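Chain residues, written in single-letter form:
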Amino acid sequence: QVQLVESGGGLVQAGGSLRLSCAASGRTASSYAMGWFRQAPGKEREFVAAITWSVGRTEYEDSVKGRFTISRDNAKNTVYLQMNSLKPEDTAVYYCAAAPLLEAQAYLYDYWGQGTQVTVSS
């Protein structure tokens, strides 16, 4: 079992920044790749970014490239999502998740956090 707890969401004006954190625990947590997804009201959950614990390989959804950065702190078993130049369309509940491999499809992730709300005002 892997437990994931997100934090860091909130309300920010367009152009602002937020950093989300995802603390992972469990015996095998570090053997998984970690991803961030988001879901806006009335929309499907979509991939944002992912990273591997070992070599730190990353992938990003096109609309966040150059604005968001995913990183990890292996000693703290924590993954971060630094979000800069936020736009109103980034408003969503953000979830972190764990998968055996670096993936962009939500159904391939085995474990999910409870989500944290990000609201970007115009």
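Notes on the structure follow. (Residues numbered from 1 in each chain as written. Predicted model: local features only at pLDDT ≥ 70, side-chain atom pairs only at ≥ 80, totals over all residues. Heavy atoms only, no water.)

### Here we look at the overall build of the protein chain
In step 1: Each helix and strand counted, the protein chain has zero helices and 11 strands in total.
In step 2: Rg of the C-alpha trace for the protein chain: 13 Å, near the compact-globule value of 14 Å for 122 residues, within the 12% margin.
In step 3: Taken over 122 residues, the protein chain has a buried fraction of 43%.
In step 4: Within the protein chain, contacts between residues at least 6 apart in sequence are counted, and of these 56% link residues at least 24 apart.
In step 5: Here the protein chain has roughly 6200 Å² of accessible surface; of this, 47% comes from carbon and sulfur atoms. (Helix = DSSP H or I, 4+ residues; strand = E, 2+ residues; numbered from the N terminus. Rg over C-alpha atoms; globule rule 2.2 N^0.38 Å. Buried < 20%, exposed > 50% of the residue type's maximum accessible area, 1.4 Å probe, protein only. Contact = heavy atoms within 4.5 Å. Areas by Shrake-Rupley, 256 points an atom, 1.4 Å probe, with all protein chains shown as cover.)

### Structural notes on the pairing of strand E7 (residues 68-73)
In step 1: Alignment of E7 against strand E8 (residues 78-83), held across six bridges, turns out to be antiparallel. Across the sheet, residue Ser71 finds its bridge partner in E8, namely Tyr80.
In step 2: Hairpin connection between E7 and E8: a loop of four residues separates the two successive antiparallel strands, and Asn77 in this loop has a positive phi of roughly 50°. (Pairing = 2+ DSSP bridges.)

### Some thoughts on the nonpolar core
In step 1: Grouped together as the largest cluster of nonpolar side chains are 29 residues, with contacts concentrated most on Leu4, Trp36, Leu81, Met83 and Tyr94.
In step 2: Breaking this core down by element, the ones donating at least two residues are strand E3 (18-25), strand E4 (33-39), strand E5 (46-52), E7, E8, strand E9 (92-99) and strand E11 (116-121).
In step 3: Apart from residues no more than four positions distant in its own chain, Tyr94 is found in contact with Glu6, Leu20, Trp36, Phe37, Arg38, Val48, Phe68, Leu81, Met83, Gly115, Thr116 and Val118.
In step 4: Membership of the second largest hydrophobic core comes to eight residues, among which are Phe37, Phe47, Ala97 and Tyr109. (Core = buried A, V, L, I, M, F, W, Y, C linked by side-chain atoms within 4.5 Å.)

### A few points about the sheet that holds E3
In step 1: If you walk across this open sheet you meet the four strands as E1-E3-E8-E7, and the pairing is antiparallel. The open sheet has two free edges, formed respectively by strand E1 (3-7) and E7, since each of these has just one partner strand. If you compare each strand with its neighbour and ignore which way they point, the axes differ by 15° on average.
In step 2: Across five bridges, E1 lies against E3 in antiparallel orientation. Paired with Gln3 across the bridge in E3 is Ser25. (Axes fitted to C-alpha atoms, helices over the stretch in contact; angles between N-to-C directions.)

### Points about the packing of aromatic side chains
In step 1: This structure, assessed with the given rule, holds six aromatic pairs.
In step 2: Consider the rings of Phe37 and Trp112, whose centres lie 5.1 Å apart with planes at 55°: the pair is tilted. One end of the pair, Phe37, is in strand E4; the other, Trp112, is in strand E10 (residues 111-112), and 75 residues separate them in sequence.
In step 3: Ring pairing ties together the aromatic residues Phe37, Phe47, Tyr95, Tyr109 and Trp112, which thus form one cluster.
In step 4: Sitting above the plane of the Tyr95 ring, Arg45 keeps its charged end 3.8 Å from the centroid.
In step 5: Positioned over the ring face of Trp112 is Arg45, at 4.7 Å from the centre of the ring. (Phe/Tyr/Trp six-rings, centres within 6.5 Å; stacked < 30°, edge-to-face > 60°. Lys NZ or Arg CZ within 6 Å of the ring centre and 35° of its normal.)

### Details of the state of the cysteines
One way to say it: the disulfide is the covalent bond shared by the sulfur atoms of two cysteines.
In step 1: According to the stated counting rule, one finds one disulfide in the structure shown.
In step 2: Disulfide partner of Cys22: Cys96, at an S-S distance of 2.0 Å. Handedness of the Cys22-Cys96 disulfide follows from its S-S torsion of about 55°: it is right-handed. Pair noted here: Cys22 is in strand E3 and Cys96 is in strand E9, with a separation of 74 residues, a long-range link.
In step 3: Residue classification places Cys22 among the buried residues on the basis of a relative accessible area of 0%.
In step 4: We classify Cys96 as buried; its relative accessible area is 1%. (Disulfide = S-S within 2.5 Å.)

These values are about where atoms sit, not about what they do.
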